[in-house]
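If you want the building blocks of each chain, they are given just below.
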Amino acid sequence: MSGPPATPVEPKPAASVVIVREAATGAPEPLEVWMIRRNKSMKFLGGYYAFPGGRVDAADGAAEALACCHGVDVAAAEATFPGHDGDPALAFWVAAVRELLEESGILLACDAAGRPVDGHDPTIRSLVANLRKELMAGTPLPSLLAREGWKCDLRGLRY
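**A short note on the sheet that holds strand β8 (residues 109-111)**
Okay, so step 1: Strand order in the open sheet formed by three strands is β7-β9-β8, and the pairing between neighbours is mixed. Each edge of the open sheet carries a strand with a single partner, namely β7 (69-70) and β8.
Okay, so step 2: The pairing of β8 with strand β9 (residues 150-153) spans three bridges and is classified as antiparallel. Within the sheet, the bridge partner assigned to C110 lies in β9 and is K151.

**Description of the state of the cysteines**
Okay, so step 1: On inspection of all chains with the given rule, the structure shows zero disulfides.
Okay, so step 2: A disulfide-free cysteine, C68 has its sulfur positioned 3.8 Å from the sulfur of C152, the nearest such atom.
Okay, so step 3: Among the residues examined, C152 registers a relative accessible area of 0% and is labelled buried.

**So, the packing of helix α4 (residues 122-136) against helix α5 (residues 141-148)**
Describing two packed helices takes the angle between their axes plus the distance from one axis to the other.
Okay, so step 1: Look at α4 against α5: their axes get within 10 Å of each other, and the N-to-C directions meet at 150 degrees. For the element pair α4 / α5, the angle class is roughly antiparallel. The two elements α4 and α5 meet at a crossing, and its hand is right-handed. Contacts between α4 and α5 involve L127, L131, E134 and L135 on the former and, on the latter, L141, L144, R147 and E148.
Okay, so step 2: Residues that form the contact of α4 with α5 fall into these classes: five nonpolar, no polar and three charged.

**Remarks on the side chain of R98**
Okay, so step 1: Along the polypeptide, R98 turns up in helix α3 (residues 90-104).
Okay, so step 2: A polar atom in the side chain of R98 sits 2.8 Å from the side chain of D60.
Okay, so step 3: In this structure R98 touches R55, V56, D57, D60, L135 and L141, once residues within four positions along its chain are discounted.

Calculation criteria
All residue numbers refer to position in the chain's written sequence, counted from 1. Local features in this predicted model are restricted to residues whose pLDDT is 70 or higher, and side-chain atom pairs enter the listing and the counts only when it is 80 or higher, whereas totals over whole chains, interfaces and linings include all residues. As a convention, hydrogens and water are excluded, and side-chain values are obtained from all of the structure's heavy atoms. Two strands are counted as paired when DSSP detects at least two bridges linking them. Think of it this way: any DSSP run of H or I at least four residues long counts as a helix, any run of E at least two long counts as a strand, and we number them from the N terminus. Only a pair of cysteine sulfur atoms within 2.5 Å qualifies as a disulfide here. A simple rule labels every residue: compare its accessible area, found with a 1.4 Å probe on the protein chains alone, to the largest value its type can have, and call it buried under 20%, exposed over 50%, or partly exposed in between. What counts as an axis is a line fitted to C-alpha atoms, over the stretch in contact for a helix, and the angles between N-to-C directions run from 0 to 180 degrees. Each angle is binned into one of four classes, with values under 35 degrees roughly parallel, values over 145 roughly antiparallel, values of 65 to 115 roughly perpendicular, and all other values oblique. Helix crossings are classified by the rotation of the near helix relative to the far one: an anticlockwise turn of less than a right angle makes the crossing left-handed, while a clockwise turn makes it right-handed. Any pair of residues with heavy atoms lying within 4.5 Å of one another is described as a contacting pair. Three residue categories are used. Nonpolar comprises Ala, Val, Leu, Ile, Met, Phe, Trp, Tyr, Cys and Pro, charged comprises Asp, Glu, Lys and Arg, and polar comprises the others, including Gly. Pairs of N or O atoms are called polar contacts if they sit within 3.5 Å, as long as, within protein, a hydrogen donor faces a hydrogen acceptor (for residues adjacent in sequence, only side-chain-to-side-chain pairs).

Given below as C-alpha cells:
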C-alpha cells in the first residue's frame, strides 16, 4: 500500500503559444502546427516536443511591459481573461511573446505605427537573434523593444 496522497501542486500562471497555419494546397492535412523540441539536457521533459511557453514572470506585469503592447490593451485583456488572481491579465500576453522569443527565436513585434517587424529581412533576423541572446542573459523584454522602437505585437494572438 502506498503512503498518504501527495499534496496537489498549485498551478503557476503560464502562457503557451500554438502556431498554426493553413497547409499548402494538396497537403494531407488542412493545417500545419509548429512545435519545438526541448533540449535533451533539460531536467524537465528534456527531448520532448512542446509548444513554446512558460511561467508568467513578475516583470511581465510591470507597467513598462504593459506599455510596450500593441493590439491588446489592459482593459481588453481583463475582459478576455477575468477572475484570475495576481498579475494583470495582459501579463499573460507579454509572457507569451517573451517565451516565444526565448525558446524559439520568433519575435512578435511591430514598430510604433503598428507595422510588423519583417523577420524575412536578414538584418532584422540578425537583430532578433541578438535580442534573444540579451533576453536570455537577463535584459528585460521591454528594454530590448524600447531600444529598437518596437512593441509586442499581440494582434495575432488569441486566448
